[in-house]
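# Structural characterization, general
Chain by chain, the residues:
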Amino acid sequence: MTQTMVGSPIYMAPEVLKGLIYDIRADIWSLGVILYEMLYGFCPYEESTIPKLVSMIDNSIIRFPSDVAVSDSTKKLIKKMLTIKYRERLTPQ
């Protein structure tokens, strides 16, 4: 577990943005954001300030643009990677 914050906020897990203790699942979140960005060309959550970004993550449901063909299994993977409650997030096995 660690408590430091380094990197771009749009790739940070909610627990990191909130200054909470975090673990490897924060990296899973970041990879989910990167995968989403690679597929759709933009990040799933973007705001101008950290408080607005935290609010957006906490109060939004991830959306998948219909104009990009992405399999349902890939969308399911992204949803598991971007689960807000870190204890329910996908973990490496």
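What this report covers is the structure whose coordinates are included nearby. (Residues numbered from 1 in each chain as written. Predicted model: local features only at pLDDT ≥ 70, side-chain atom pairs only at ≥ 80, totals over all residues. Heavy atoms only, no water.)

## Quick notes on the overall build of the protein chain
Convention followed: Starting at the N terminus, helices and strands are each numbered in turn, a helix being any DSSP run of H or I of at least four residues and a strand any DSSP run of E of at least two. Just to be clear, the radius of gyration here is over C-alpha atoms, and the globule rule we use is 2.2 Å times residues to the power 0.38. Type-normalised accessible area, obtained with a 1.4 Å probe on protein chains alone, sets the label of each residue: buried when under 20%, exposed when over 50%, and partly exposed for intermediate values. The criterion used for residue contact is that any of the two residues' heavy atoms lie within 4.5 Å. Computed with the Shrake-Rupley method and a 1.4 Å probe, the accessible areas treat only the protein chains shown as cover for residues. Charge counting follows a simple rule: Lys and Arg are positive, Asp and Glu are negative, and His as well as the terminal groups are ignored. Lysine's charge is taken at NZ, arginine's at CZ, aspartate's at CG and glutamate's at CD.
Assigned secondary structure in the protein chain consists of four helices and zero strands. Starting at the N terminus, the α and β elements of the protein chain follow one another as α-α-α-α. Whereas a compact globule of 93 residues would reach a radius of gyration of roughly 12 Å, the protein chain reaches 13 Å, a difference of no more than 12%. Reported as C-alpha extents along the three principal axes, the dimensions of the protein chain are approximately 40 × 35 × 20 Å. For the protein chain, buried positions account for 35% of its 93 residues. For the protein chain, the share of sequence-separated contacts (at least 6 apart) that also reach a separation of at least 24 residues comes to 51%. Of the roughly 5900 Å² of accessible surface on the protein chain, 56% is carried by carbon and sulfur atoms. Side-chain charges of the protein chain comprise 11 positive and 10 negative groups, with the mean position of each set lying 7 Å from the other.

## As for helix α2 (residues 24-40)
Heads up, the rule is: For a helix, the expected span equals 1.5 Å multiplied by the number of residues minus one.
Its 17 residues give α2 an end-to-end C-alpha distance of 25 Å, which sits within 8% of 24 Å, the value for a rise of 1.5 Å per residue. Those residues of α2 lying buried are R25, A26, I28, W29, S30, G32, V33, Y36 and Y40. Tucked into the core, α2 has its buried residues touching α1 (14-17), α3 (50-59) and α4 (72-81). Following α2 by one or two positions, G41 has its phi on the positive side, about 90°.

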